[in-house]
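# Fold and contact review
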Amino acid sequence: MTSYITSISGGKDSTATVLYLRELGLEQRLVFFDTGWEHALTYQHLDYLQDALGMEISRSACPVDLPPPLAAEAEAIEAVLGVSPSAFVRLALRKRIFPRRTVKFCTQMLKVFEAQKVMRAEHEADRYPVNVVGIRAAESAARAKMPERELSVTLDCEVWRPIIAWTEADVIAIHQRHQIKPNPLY
């Protein structure tokens, strides 16, 4: 049995993807891979989407354990930033480096590894997972090169980008058809 796992970020494109799969009549499971580094309005918007869509949004967060002195430092930073707990903050403290273009450990540790756990659980439940991702080619040159469908060795599943060819107008239109408000950060 195919299991559609839709990655939802709270942004307009991932929300459009959820709505599109709904229009196609496909049952899906929504997962938010929480780095603990999103704006407070995005977390509020995810709560709104869960209610407006009538669908549970699972929140998957990588636990980052720290020794007591670093844990106290993390808690102080999280309090100032208003993000608690924040896997991103804790991971940066543990590694003693802030991620950047040439040092990219956060995406892998906080999203990819968590997605692997979700897909593995689907396989263990005798389901064939499809990771559904809401990205569009118009967003960047790198995304423009991505196929609509491909097999991911890393995730051990098919990756499907159903709105890869959509325009921003298409994304706005599906929000309007379903009377779903966009993230207020837009």
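Conventions and cut-offs
Residues numbered from 1 in each chain as written. Predicted model: local features only at pLDDT ≥ 70, side-chain atom pairs only at ≥ 80, totals over all residues. Heavy atoms only, no water. Pairing = 2+ DSSP bridges. Helix = DSSP H or I, 4+ residues; strand = E, 2+ residues; numbered from the N terminus. Axes fitted to C-alpha atoms, helices over the stretch in contact; angles between N-to-C directions. Contact = heavy atoms within 4.5 Å. 1 Å grid on protein atoms, 1.4 Å probe; cavity = no way out; pocket = protein on both sides within 12 Å on 5 of 7 lines; lining within 4 Å. Points joined across faces, edges and corners; volume = space filled by probe spheres on them. Nonpolar A, V, L, I, M, F, W, Y, C, P; charged D, E, K, R; others polar. Core = buried A, V, L, I, M, F, W, Y, C linked by side-chain atoms within 4.5 Å. Buried < 20%, exposed > 50% of the residue type's maximum accessible area, 1.4 Å probe, protein only. Patch = residues over 30% accessible without salt bridge, like charges linked within 9 Å, V, L, I, M, F, W, Y side chains within 5 Å. Areas by Shrake-Rupley, 256 points an atom, 1.4 Å probe, with all protein chains shown as cover. Salt bridge = Lys/Arg side-chain N within 4 Å of Asp/Glu carboxyl O. Polar contact = N/O pair within 3.5 Å; in protein donor to acceptor, adjacent residues only side chain to side chain. Parallel < 35°, antiparallel > 145°, perpendicular 65-115°, else oblique. Left-handed = near helix turned anticlockwise from the far one by under 90°.

### Some remarks on the sheet that holds strand E3 (residues 57–60)
The mixed open sheet is built from 6 strands, whose spatial order is E3-E2-E1-E4-E6-E5. Pairing within the sheet leaves two strands with one partner each, and these edge strands are E3 and strand E5 (149–152). Direction aside, the axes of adjacent strands within the sheet are offset by 30 degrees on average. Looking at chain direction, strand E1 (residues 2–7) and strand E4 (residues 128–133) are connected through 6 bridges and run parallel. Residue Ser3 lies in a different strand from E4, and its bridge partner there is Pro129. Sheet contacts for helix H2 (residues 40–53): strand E2 (28–33) and E3; angle to E3, the most-contacted strand, approximately 150 degrees.

### Some thoughts on the layout of surface pockets
Its volume calculated, the largest pocket comes out at about 910 Å³. Forming the walls of the largest pocket are 34 residues, and the residues nearest its centre are Ser7, Lys111, Val133, Ile135 and Arg143. It is helix H5 (residues 106–124) that provides the largest number of residues to the lining of the largest pocket, a total of 4 residues. Here the lining of the largest pocket is built from residues that sort into 14 nonpolar, 12 polar and 8 charged. Of the voids in this model, the second largest pocket is the one considered here, and its volume is about 200 Å³. Around the second largest pocket sit Thr35, Trp37, Glu38, Phe88, Pro99, Arg100, Lys104, Cys106, Thr107, Leu110 and Lys111, which together line it. It is H5 that contributes the most residues to the lining of the second largest pocket, 4 residues altogether. The residue inventory of the lining of the second largest pocket, partitioned by class, reads 5 nonpolar, 2 polar and 4 charged.

### Digging into the nonpolar core
Ranked by internal contacts, the top residues of the largest apolar core, which has 17 residues, are Ile8, Leu30, Leu53 and Ile57. Secondary-structure elements contributing two or more residues to this core are helix H1 (12–23), E2, H2 and helix H7 (168–177). Among the elements that take part in this core, H2 stands out by supplying 4 residues, more than any other. In this structure, Cys62, Ala87, Phe88 and Cys106 belong to the second largest nonpolar core, which totals 15 residues.

### Quick word on a nonpolar patch on the surface
A grouping of Trp37, Ile77, Val80, Leu81 and Phe98 is seen on the molecular surface, where their side chains present a nonpolar patch of about 500 Å² in accessible area. Take Phe98: its relative accessible area is 49%, and that puts it in the partly exposed class.

### Here's the deal with the side chain of Gln28
Examined against the element boundaries, Gln28 turns out to sit in strand E2. By relative accessible area, which is 13% here, Gln28 ends up buried. Separated by 2.7 Å, the side chains of Gln28 and Thr6 make a polar contact. In terms of polar contacts, Gln28 uses its side chain to reach the backbone carbonyl oxygen of Val18, at 2.9 Å. Setting aside its immediate chain neighbours within four residues, Gln28 contacts Tyr4, Thr6, Val18, Leu21, Arg22 and Met55.

### Some words on the packing of helix H3 (residues 68–81) against helix H4 (residues 87–95)
The N-to-C vectors of H3 and H4 enclose an angle of 140 degrees; their axes lie 10 Å apart at closest approach. The angle between H3 and H4 falls in the class oblique. Pair H3 / H4 crosses with right-handed handedness. Of the residues in H4, those touching H3 at Leu70, Glu73, Ala74, Glu75, Ile77, Glu78 and Leu81 are Val89, Arg90, Leu93 and Arg94. Split by residue class, the contact of H3 with H4 holds 6 nonpolar, no polar and 5 charged.

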